[in-house]
Amino acid sequence: MSLHDDAVLTLKAYEDQDELRQYYLDHLAAHPEDGLWKSCTDGHVTASALVVDPSRGRVLLTLHRKLRMWLQMGGHCEPGDATLAAAALREATEESGVPGLTLLPGGPVRLDRHPIPGPCTQHLDVQFAALAPADATAAISDESLDLRWFAYDEVADVADTSVVRLMEGTRARLQV
C-alpha cells in the first residue's frame, strides 16, 4: 500500500471534522501523485504529533525555527514513510529527541488546515498524539530554537488555537 492510499484510508476512518476531512480527501483525489509532498504548491498533507507526558500533566512543544511559534512536533512526509502515523512518529522522535515515543491509539486526534509562506499555499496537517516514556528527556534539534515542557494549563498562554485544540482533544482521549 502506498502512503497516498494509507492517507486516504486514514482520513476515511477519521470520524470528526467532516467538512475539513472531505477537503483533505478531495485534495488527495485531485493530487494523486503529489498531494503528500512539499512540491505540491496547492498545499500538501503533513503529519504531526503532540508529545504528551500524562503522568506529569505536561506537553512538549518546539519553538519552530522559521515560524517562531510554539508548536507540536511535525512536518513533511518523506518517501520512506509507510503511513501518516509513521510520519508523525518519525517527526516527533526527530524533533523531540525522545526515544520510545508511542502514538496514542485511535488514529489522528485532529485535522488542521493552515496557510504557510509560498511557494506552497497551505499545510493540511493530520495531527496525532505521542505518549512519552515516564523518564523522557528532550533534546533540541536543528529545526527548533527551543524545546520545552509545558503544563496543560500553560499551553494556551504560549501556543495558538490549533495547538490548544490538539491538546484538548488529546486530553479528552486520555480522559484527564
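Structure: see above.
What you are looking at is a predicted structure, and each value in this text was computed from that prediction instead of being measured.

Rules of the game
Residues numbered from 1 in each chain as written. Predicted model: local features only at pLDDT ≥ 70, side-chain atom pairs only at ≥ 80, totals over all residues. Heavy atoms only, no water. 1 Å grid on protein atoms, 1.4 Å probe; cavity = no way out; pocket = protein on both sides within 12 Å on 5 of 7 lines; lining within 4 Å. Points joined across faces, edges and corners; volume = space filled by probe spheres on them. Helix = DSSP H or I, 4+ residues; strand = E, 2+ residues; numbered from the N terminus. Buried < 20%, exposed > 50% of the residue type's maximum accessible area, 1.4 Å probe, protein only. Polar contact = N/O pair within 3.5 Å; in protein donor to acceptor, adjacent residues only side chain to side chain. Contact = heavy atoms within 4.5 Å. Core = buried A, V, L, I, M, F, W, Y, C linked by side-chain atoms within 4.5 Å. Disulfide = S-S within 2.5 Å. Axes fitted to C-alpha atoms, helices over the stretch in contact; angles between N-to-C directions. Parallel < 35°, antiparallel > 145°, perpendicular 65-115°, else oblique. Left-handed = near helix turned anticlockwise from the far one by under 90°. Nonpolar A, V, L, I, M, F, W, Y, C, P; charged D, E, K, R; others polar. Pairing = 2+ DSSP bridges.

Caption draft 1: Representation of the layout of surface pockets. Considered as a void within the structure, the largest pocket measures approximately 900 Å³ in volume. If you trace the largest pocket, you find 33 residues lining it, with His-64, Leu-67, His-76, Ile-116 and His-123 closest to the centre. Counting residues per element, the ones that place at least two in the lining of the largest pocket are strand E1 (44–53), strand E2 (58–64), strand E4 (73–76), helix H3 (84–96), strand E6 (110–115), strand E7 (122–131) and helix H5 (161–174). Here the lining of the largest pocket gets four residues from one element, more than from any other, and that element is E4.

Caption draft 2: How the structure looks around the side chain of Arg-90. You can see Arg-90 is positioned in helix H3. Take Arg-90: its relative accessible area is 16%, and that puts it in the buried class. Separated by 2.8 Å, the side chains of Arg-90 and Asp-81 make a polar contact. When neighbours within four sequence positions are excluded, Arg-90 is seen to be in contact with His-76, Cys-77, Glu-78 and Asp-81.

Caption draft 3: Spotlight on the nonpolar core. Counting 32 residues, the largest nonpolar core has Leu-36, Val-51, Leu-84 and Val-126 as its most contacted members. Counting only elements with at least two residues in this core, the list comes to helix H1 (3–13), helix H2 (18–30), E1, H3, E7 and strand E8 (144–151).

Caption draft 4: Region of interest: the state of the cysteines. Applying the stated criterion across every chain yields a total of zero disulfides. With no disulfide of its own, Cys-40 lies closest to Cys-120 among cysteine sulfurs, the gap being 6.7 Å. What makes Cys-120 buried here is its relative accessible area of 7%.

Caption draft 5: Region of interest: the packing of H1 against H2. Between H1 and H2, the shortest axis-to-axis distance is 10 Å and the interhelical angle comes to 160 degrees. Comparing the axis directions of H1 and H2 gives the class roughly antiparallel. Every pair of crossing elements has a handedness; the one defined by H1 and H2 is left-handed. Two secondary-structure elements touch here, H1 through His-4, Ala-7, Val-8, Leu-11 and Lys-12 and H2 through Arg-21, Tyr-24, Leu-25 and Leu-28. Residues belonging to the contact of H1 with H2 are distributed by class as follows: six nonpolar, one polar and two charged.

Caption draft 6: The arrangement of the pairing of E1 in detail. Counted residue by residue, E1 has ten buried out of ten residues, so it is predominantly covered. Here E1 shows two buried faces, one formed by His-44, Thr-46, Ser-48, Leu-50 and Val-52 and the other by Val-45, Ala-47, Ala-49, Val-51 and Asp-53. As judged from the nine bridges shared by E1 and E7, these two strands associate in the parallel manner. What sits directly across from Val-51, in E7, is Ala-130. Bridging between E1 and E4 involves four bridges; their strand directions are antiparallel. Pairing of Ala-47 across the sheet is with Gly-75, part of E4. Note that E1 and E2 share three bridges and pair antiparallel. Within E2, the residue paired with Val-51 across the bridge is Leu-60.

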